[in-house]
Amino acid sequence: MGFKILNMIGEGLGLPEGYFDKVSQEQYMAIHLYPQCPDPSLAMGHADPNIITFLQQDQYGLQIQKDGKWMGVDPIPNAFVVNLGYTLEIISNEKLKSVEHRVVTNSSAARTSIATFFSSSPTLPVENEVPVIIQPAKEVVTWSNPPVFTSFQYKDFVARYLAFMCKPRPRVGIPLDPYRL
Ligand SMILES: O=C(O)CCC(=O)C(=O)O
Ligand SMILES: [Fe+2]
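Residues numbered from 1 in each chain as written. Chains lettered and ligands numbered in written order. Predicted model: local features only at pLDDT ≥ 70, side-chain atom pairs only at ≥ 80, totals over all residues. Heavy atoms only, no water.

Section: the site of ligand 1
Next, step 1: As a matter of local geometry, ligand 1 sits amid His32, Tyr34, His46, Asp48, Leu55, Leu62, His101, Val103, Arg111, Ser113, Ala115 and Phe117.
Next, step 2: In this structure, an oxygen atom belonging to ligand 1 sits 2.8 Å away from a side-chain N or O atom of Arg111.
Next, step 3: Measuring from an oxygen atom of ligand 1, one finds a side-chain N or O atom of Ser113 at 2.6 Å.
Next, step 4: Summarising the interface, the protein chains cover 93% of the accessible area of ligand 1, which totals 290 Å² for the free molecule.
Next, step 5: Within the residue set of the shell around ligand 1, elements represented by two or more residues are strand 1 (24-34), strand 6 (101-103) and strand 7 (111-120).
Next, step 6: Top element by residues in the shell around ligand 1 is strand 7. It accounts for four residues. (Near = heavy atom within 4 Å. Polar contact = N/O pair within 3.5 Å; in protein donor to acceptor, adjacent residues only side chain to side chain. Areas by Shrake-Rupley, 256 points an atom, 1.4 Å probe, with all protein chains shown as cover. Helix = DSSP H or I, 4+ residues; strand = E, 2+ residues; numbered from the N terminus.)

Next comes the structure, spelled out in structure tokens:
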């Protein structure tokens, strides 16, 4: 399902068939357990570094940031939340935006969520371990829509992302800033 949706997004962006096969070779899953916590104000936001994330949540807790305000995303039975990550924002040259999100805790009940990430990897095994380069796709860049990001190695970006996430609050900027033209 994930690859199908990714290919449809690629088609919508005008990318050649199989574009994402050259940047995405990894799919991984994280199961999160948020224990009861009396202080939801401790929740911190982030956007995902990968291409796209599918999320299943059993109860309320997820919020996204829109126009500087946090908005709740109610769970819908048998439905996934689809989050776009930084990598897709770069490839689409900001046509598709990643979303800042956070999970607020609940003082009376624990919460479980399952996230499936489609991601780039530092190198592609099928291409003799050549480093994966992330950049605005040439198909989306035109003279009236020049690239807004430089091209860079995915492994460099992941290192910067992790360093950024470990910074103490308040954090200034976002991990994409160093790659902005
Ligand atoms: O638990 C959630 O709803 C969100 C999890 C999340 O943002 C993540 O795994 O990146
Ligand atoms: Fe996330």
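Moving on from the coordinates now.
Points about the coordination of the iron ion (ligand 2)
Next, step 1: Protein-derived ligands of the iron ion (ligand 2) are His46 (NE2), Asp48 (OD) and His101 (NE2), with the metal-ligand distances lying across 2.1 Å.
Next, step 2: Counting gaps between the donor residues of the iron ion (ligand 2) yields the pattern H-x1-D-x52-H. Placement of the pair is His46 in the loop between strand 1 and strand 2 (52-57) and His101 in strand 6, with a sequence separation of 55 residues.
Next, step 3: Of the residues examined, His46 reaches a relative accessible area of 24% and is grouped as partly exposed. (Donors = N, O, S within 2.8 Å, 3.2 Å for Na, K, Ca; no water. Buried < 20%, exposed > 50% of the residue type's maximum accessible area, 1.4 Å probe, protein only.)

Side note on the nonpolar core
Next, step 1: Counting 28 residues, the largest nonpolar core has Phe20, Ile52, Ile134 and Phe157 as the members making the most contacts within it.
Next, step 2: Every element with two or more residues in this core is listed here: helix 1 (2-13), strand 2, helix 2 (86-91) and helix 3 (154-165).
Next, step 3: The element contributing the most residues to this core is helix 2, with four residues.
Next, step 4: If sequence neighbours within four positions are ignored, Phe20 has contacts with Leu6, Gly10, Leu15, Ile51, Leu88 and Ile91.
Next, step 5: Ranked by size, the runner-up nonpolar core spans eight residues in total, among them Leu55, Leu62, Val81 and Val103. (Core = buried A, V, L, I, M, F, W, Y, C linked by side-chain atoms within 4.5 Å. Contact = heavy atoms within 4.5 Å.)

Some remarks on the UniProt feature "domain: Fe2OG dioxygenase" (unreviewed entry) in the chain
Next, step 1: Under the local residue numbering, the UniProt record ascribes the feature "domain: Fe2OG dioxygenase" (unreviewed entry) to residues 24-120.
Next, step 2: A helix fraction of 6% and a strand fraction of 44% characterise residues 24-120, whose end C-alpha atoms lie 4 Å from each other. (UniProt positions renumbered as here; feature names shortened; annotations may be inferred.)

Re the side chain of Thr116
Next, step 1: Mapping Thr116 onto the fold places it in strand 7.
Next, step 2: Residue Thr116 is classed as buried on the basis of its relative accessible area of 14%.

What about the environment of Phe20?
Next, step 1: Here Phe20 lies in the loop between helix 1 and strand 1.
Next, step 2: Remark: the alpha-carbon pair of Phe20 and Ile91, spanning 71 residues in sequence, is separated by 9.8 Å.

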